[in-house]
Amino acid sequence: MFGSLLRKDKGVHFLCLAGATFSTLLVVSVFIFIVRESWPAWKNYGFTLLVGEEWNPVSHPPALGLAPMIASTLWVAIGATLLATPLGIGAGVFLAEFAPSWVGYFLRPLINLLTGIPSVIYGFVGASLLVPLAEKFLGINSGESLFTASLVLAIMILPYLVGTLEGAFRALPKEYREAALALGVSPQYLVFRISLPLSRKALLASLLFCLGRAAGETMAVLMLAGDVRLFPLSWFAKGEPLSALIALETGTAARGTVYYNALFAAGLVLLLLVFAINLALFSMKRYFREVVKID
Amino acid sequence: MPRRKLLSCIAVILSIFCLLSGCGKKGSQETGAVHPPAAIKCGGSSTLAPVISKCADNFTEKYKTWDKVRPQLPPDPIIIFVSTGGSGFGVKGVLDGVLDIGLASREIKPEEREKMPEGKIFKVGVDALAIAVHPQNPIIQVKPSLTPEELKKIFSGEIKKWKEIDPRLPDRPIVVCVRDVGGGAAQVFDELVMKGTPVSKEALQLPSMGALASKVMENVDAIGYVSTGLIAQNPGKLKPLQVEGVDPTRENILAGKYKLARPLLMFTRGEPDERQQLFIDYVLSPEGQKVIEEMGFIPVAR
Amino acid sequence: MRWFWKDRLILFFCWSAAIFLGMVITVIGVYLGWKGIRCLNWEFIWDMPKGTPLGKEGGIYPALKGTLYLVFFSILFSFPLALITALHISCYGTGSRWGEFINLAIQTMSGNPSIVTGLFGYSLFVVSLGYGISLLSGSLTLGIMVFPVMVITFREALLAARERFMLVALSLGVSPWYLFRRVILPWAWPHIAGGTLLAMGYAAGATAPIMVTAVALFSPTTGSLREPVMALPYHISILFSQHISLEKASGTALVLLILLLLINLTAMLIGAFKRDLACLVWISPCVEGHKSDISL
């Protein structure tokens, strides 16, 4: 509606359109570029790139299989989301319903600040605190493992989960709450039987979002996952997620070799994984607008 | 309208910075066209990079501007960058023109040499790979010497437990630590010990020699090939094992008795220009060689 | 009666989750503070890295400077474009297919892992365009990384402003450009500043993209765009992973944390840092349904 009115202002409209188009093309070109650079690898290796279990770029011919890395990425990301879910729900509910107001005032900005801490600091603190603990208590012979990495990632994504959940709770219509309390149910019943089911879409969306964030995280997994090329068969094994592989080896691969292309293929796999999650989120937003029109 | 003022102020500041940054860029490009590039970019081997950074720091501190090094040169400030990323990165960076001077802690392979036929290679030091373990590892008392065959078995994953090396050792898994494929050490070790047998996939890959050394320092069950320089830099925290009964001492390495030796190289794609040559000369001078010795490597005899 | 026990259990669970979260924050703060405070002094901030190997002693001045340069230039590159794009999405492009597509594309790219952006920056700026490993490549890459974040925050602010003023102003016959310049932009200014600060914090902490495009182990960091720089996050990872000095690494992490804290506090002071603006940026797709929560 506004758009057509505004477009009468030709000069500004043109400037806007040009700027937005340019920047969008730039942003989209990330995707196109990655596809283009990885193309020779797909052409030469095809499906084995995805299912091959061997990654040895200096052998002749180079063995380039991404399966262990993809599996590590999934272990780490799904593990982190699973670890974060109960804690996130607990803390979100706490902030929305049970927190004494002073605790809320104290905790909320702190949680916000937690989102601002860069992953290298999480990785650093995690590697110096958790790795020795993991060696002691988990009985693994060296503390780095997919589990340790997902523990740190869980803490990294927790603030997002808490934030959205609390937001979703507060956005629920007051009527439900008033009606429920008037009927004499406990706040706990209200939360877990009424509010939580009502905001399950928001919860699902934020979980998906967290999964995407966890899959793309680099520094923390680079420092904590252990960097082993073996196919990870358990959560406590070591592994090298896609992001760590790219960060470690990008400097080494010479341009024009299939090794270089394979690193871009790794980037493409990671990108597509996150894209799929984002598109799911986006379609959920449509759903929100049309069906769950709350306000 | 204070807000409007604020806005216009910010707009002005932004545009000034735009202009300034534009000028700065142009300026550096112009100087680049007239004189040889003012800044020297070095990069490569994670073993050598800390040494070269230290040399670069000393060199810059000592002379500050180029005319103090050699009066004919213009009084530009000396600017040297050192990046790390492994010997593979060094070779590749020099070939791509990203780096001026490459750093490698292995021999330059013939196929790499072919791509830079006019390149110059300078040997600035000698290093050796010591098979290092944690100082509390009982293998130091029980079996202080390993043969290349045993090493091959350990690093290829054929031997998985300490007990399998010697029955007196604990029944615990060996944590094998290696450098990733970009590392010079990985290739030297591959050539001298593994001879084509792939390294165990269970081995922990570490992104730099420093990281490898620190992993072995922290973990009692770890074993890894650590540069002798890093063993000297962390006295008492790492214990080198003998290979075929030979200790990785300076004398043994120089005499060629210790087999896992490797050169520390600086190289350029073409003929190094005057400033690059001056810096390489500094590294080769007694002052630069002193840094190499301080960092635990063996200086080259001139 | 059954709910009585369950209620207790739920209450206990929620409290413990919150306490755990609080504890995590405390542990990170106390650990870094306790380890890092000892080497935090003026010399640490104003000195070059010293010692053998470099970084064991001395300070972090070039790294601090490098991080500031990276943040400054990345924001410089992306801010004008982000503002224009947000304006297009929220006002000029509404109702057109292309506008929708731009929105969708930016929304999708906001989740792009930073290492993939780094890979892109490496292959485009460092190798193809020949900028080399330099401040220029690094800040362009960071600019691409923070761009969607900025667009999304700006868009939210502009949308709210639009709802508020656009209909009235247009019916009064005010020209759109005047409306934007004199009404919408001044009104949305705090939010735009808040979004920019958020993006600055994001850029300051990013390690993965600059690791392959901009940083060096040692660099005097003169600020020339064609030269590599040092940066705080990379310095932390080098000091820690190369086992140079744990104490200096904690000190550097503390400095970075304080820098980010300052940025975030400024955002809060401007008043734009609504309770969950930070989350909103990331998760706007799923909160959008609950418009009442944003209430700008």
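Residues numbered from 1 in each chain as written. Chains lettered and ligands numbered in written order. Predicted model: local features only at pLDDT ≥ 70, side-chain atom pairs only at ≥ 80, totals over all residues.

## Remarks on the overall build of chain B
In terms of helices and strands, chain B carries 14 helices and eleven strands. Every one of the 302 residues in chain B was classed for burial, and the buried ones make up 46%. At a minimum sequence separation of 6, the contacts of chain B that also span at least 24 residues come to 73%. (Helix = DSSP H or I, 4+ residues; strand = E, 2+ residues; numbered from the N terminus. Buried ≥ 20, exposed ≤ 12 C-beta atoms within 10 Å, placed from the backbone. Contact = placed C-beta atoms within 7 Å.)

## What about the overall build of chain C?
Scanning chain C from terminus to terminus reveals twelve helices and two strands. For chain C, the α and β elements follow one another from N to C terminus as α-α-β-β-α-α-α-α-α-α-α-α-α-α. Out of the 296 residues belonging to chain C, those deemed buried represent 63%. Once local pairs closer than 6 in sequence are excluded, the contacts in chain C between residues at least 24 apart make up 72%.

## Side note on the interface of chain B and chain A
With 24 residues of chain B at the interface, the matching set in chain A holds 17 residues. When contributions to the side of chain B that touches chain A are tallied by element, the ones reaching two or more residues are helix H4 (87-96) and strand E7 (204-206) of chain B. With five residues, the top contributor of residues to the side of chain B that touches chain A is H4 of chain B. A breakdown of the residues in the side of chain B that touches chain A according to their chemical character gives eleven nonpolar, six polar and seven charged. (Nonpolar A, V, L, I, M, F, W, Y, C, P; charged D, E, K, R; others polar.)

## Digging into the environment of Val133 of chain B
Residue and element names in this part refer to chain B. Checked against the element boundaries, Val133 lands in strand E4 (residues 120-133). Through-space distance from the C-alpha of Val133 to that of Leu241 is 7.4 Å; in sequence the pair is 108 residues apart. If sequence neighbours within four positions are ignored, Val133 has contacts with Ile139, Ile140, Val216, Ala222, Ile223, Lys239 and Leu241.

## Brief notes about unusual backbone geometry
Residues and elements named next belong to chain B. The backbone of Lys64 sits at a positive phi, close to 60°, despite the residue not being glycine. In the Ramachandran plot, Lys195 falls in the positive-phi region, its phi being about 50° despite a non-glycine side chain. Following the sequence through the fold, Lys195 ends up in the loop between helix H9 (184-194) and E7. You can call Lys195 exposed: it has 9 C-beta atoms within 10 Å.

## Considering the interface of chain A and chain C
Size of an interface, as often reported, equals the accessible area lost when the parts are brought together. With 95 residues of chain A at the interface, the matching set in chain C holds 95 residues. For the side of chain A that touches chain C, the element with the most residues is helix H2 (residues 10-45) of chain A, which contributes 16 residues.

## Quick word on the packing of helix H9 (residues 232-241) of chain C against helix H10 (residues 246-270) of chain C
All names here are of chain C. Here H9 crosses H10 at 160°, and the two axes come no closer than 8 Å. One way to sum up the angle between H9 and H10 is to call them roughly antiparallel. The two elements H9 and H10 meet at a crossing, and its hand is left-handed. Across the interface between the two elements, Leu232, Pro233, His235, Ile236, Leu239 and Phe240 from H9 touch Leu246, Lys248, Ala249, Thr252, Ala253, Val255 and Leu256 from H10. Residues belonging to the contact of H9 with H10 are distributed by class as follows: ten nonpolar, two polar and one charged. (Axes fitted to C-alpha atoms, helices over the stretch in contact; angles between N-to-C directions. Parallel < 35°, antiparallel > 145°, perpendicular 65-115°, else oblique. Left-handed = near helix turned anticlockwise from the far one by under 90°.)

## What about the confidence of the model for chain B?
Residues and elements named next belong to chain B. Looking at chain B as a whole, its pLDDT mean stands at 82, while 87% of the residues score no less than 70. Segment residues 1-6: pLDDT under 50, and three contacts once partners within four positions in sequence are set aside and those in other chains are kept. Counting interchain partners and residues more than four positions distant, the pLDDT-below-50 stretch residues 16-36 has 13 contacts. (pLDDT = per-residue confidence, 0-100.)

## Topic: the pairing of E4 of chain B
A regular strand places its side chains so that they alternate between the two faces of the sheet. Residue and element names in this part refer to chain B. Two strands pair when backbone bridges link them, and E4 and strand E10 (residues 261-268) are joined in this way by eight bridges, in the antiparallel orientation. Considered in E10, the bridge of Val126 is made with Pro263. Both E4 and strand E11 (residues 298-299) contribute to a ladder of two bridges, which runs antiparallel. The residue bridging Gly125 from the neighbouring strand is Pro299, located in E11. (Pairing = 2+ DSSP bridges.)

## With respect to the packing of helix H5 (residues 114-128) of chain C against helix H6 (residues 135-171) of chain C
Residues and elements named next belong to chain C. Between H5 and H6, the shortest axis-to-axis distance is 9 Å and the interhelical angle comes to 140°. The pairing of H5 with H6 is recorded here as oblique in orientation. You can see that H5 and H6 cross each other, and the crossing is right-handed. Counted together, Ser114, Thr117, Gly118, Gly121, Phe125 and Val126 of H5 and Ser137, Leu140, Thr141, Ile144 and Met145 of H6 form the full contact between these two elements. When its residues are assigned to classes, the contact of H5 with H6 shows five nonpolar, six polar and no charged.

## A look at the nonpolar core
The biggest cluster of nonpolar side chains holds 282 residues, and the ones touching the most others in it are Ile157 and Ala266 of chain A, Cys177 of chain B together with Leu70 and Ala203 of chain C. For this core, the element with the most residues is helix H3 (residues 61-92) of chain C, which contributes 18 residues. For this core, the domains that each give at least three residues are domain 1 (2-56) and domain 2 (66-254 + 266-291) of chain A. Leaving out residues up to four positions away in the same chain, Ala266 of chain A has contacts with Leu66, Met69, Leu242, Leu245 and Ile246 of chain A. (Core = buried A, V, L, I, M, F, W, Y, C linked by C-beta atoms within 7 Å. Domains from an automatic or database assignment.)

## Side note on helix H13 (residues 274-284) of chain B
Every buried residue of H13 of chain B is listed here: Arg275, Gln276, Phe279, Ile280 and Val283 of chain B. Each buried residue of H13 of chain B lies within a common arc of 135° when the element is viewed along its axis, so the set occupies one face. (Arc of directions from axis to C-beta.)

## Concerning the environment of Thr47 of chain B
Residues and elements named next belong to chain B. Among the structural elements, Thr47 can be located in the loop between strand E1 (39-44) and helix H2 (49-63). The exposure class assigned to Thr47 is buried, which follows from the 35 C-beta atoms found within 10 Å. When near neighbours in sequence (up to four residues on either side) are disregarded, Thr47 contacts Ser105, Asp127, Gly184, Met209, Ser227 and Gly229.

## Things to note about the environment of Arg172 of chain B
Checked against the element boundaries, Arg172 of chain B lands in the loop between helix H8 (162-165) and strand E6 (175-179). Linking Arg172 of chain B and Thr60 of chain B, residues 112 residues apart in sequence, is a C-alpha distance of 49 Å.

## Some remarks on the pairing of strand E3 (residues 101-104) of chain B
Residue and element names in this part refer to chain B. Every second residue of E3 is oriented toward a common face, with Ile101 and Leu103 on one face and Gly102 and Ala104 on the other, all of them buried. As judged from the three bridges shared by E1 and E3, these two strands associate in the parallel manner. If you follow Gly44 over to E3, its bridge partner there is Leu103.

## Topic: the confidence of the model for chain C
Residue and element names in this part refer to chain C. For chain C, the average pLDDT comes to 82, and 90% of its residues sit at 70 or higher. Element-level pLDDT for chain C is lowest in helix H12 (residues 291-294), with a mean of 34, against a maximum mean of 91 in H3. Residue range residues 273-296 is modelled with pLDDT below 50. Its contacts to residues more than four positions away, or to other chains, number 69 contacts. Two summary scores accompany this predicted model of the complex, namely pTM at 0.86 and ipTM at 0.87.

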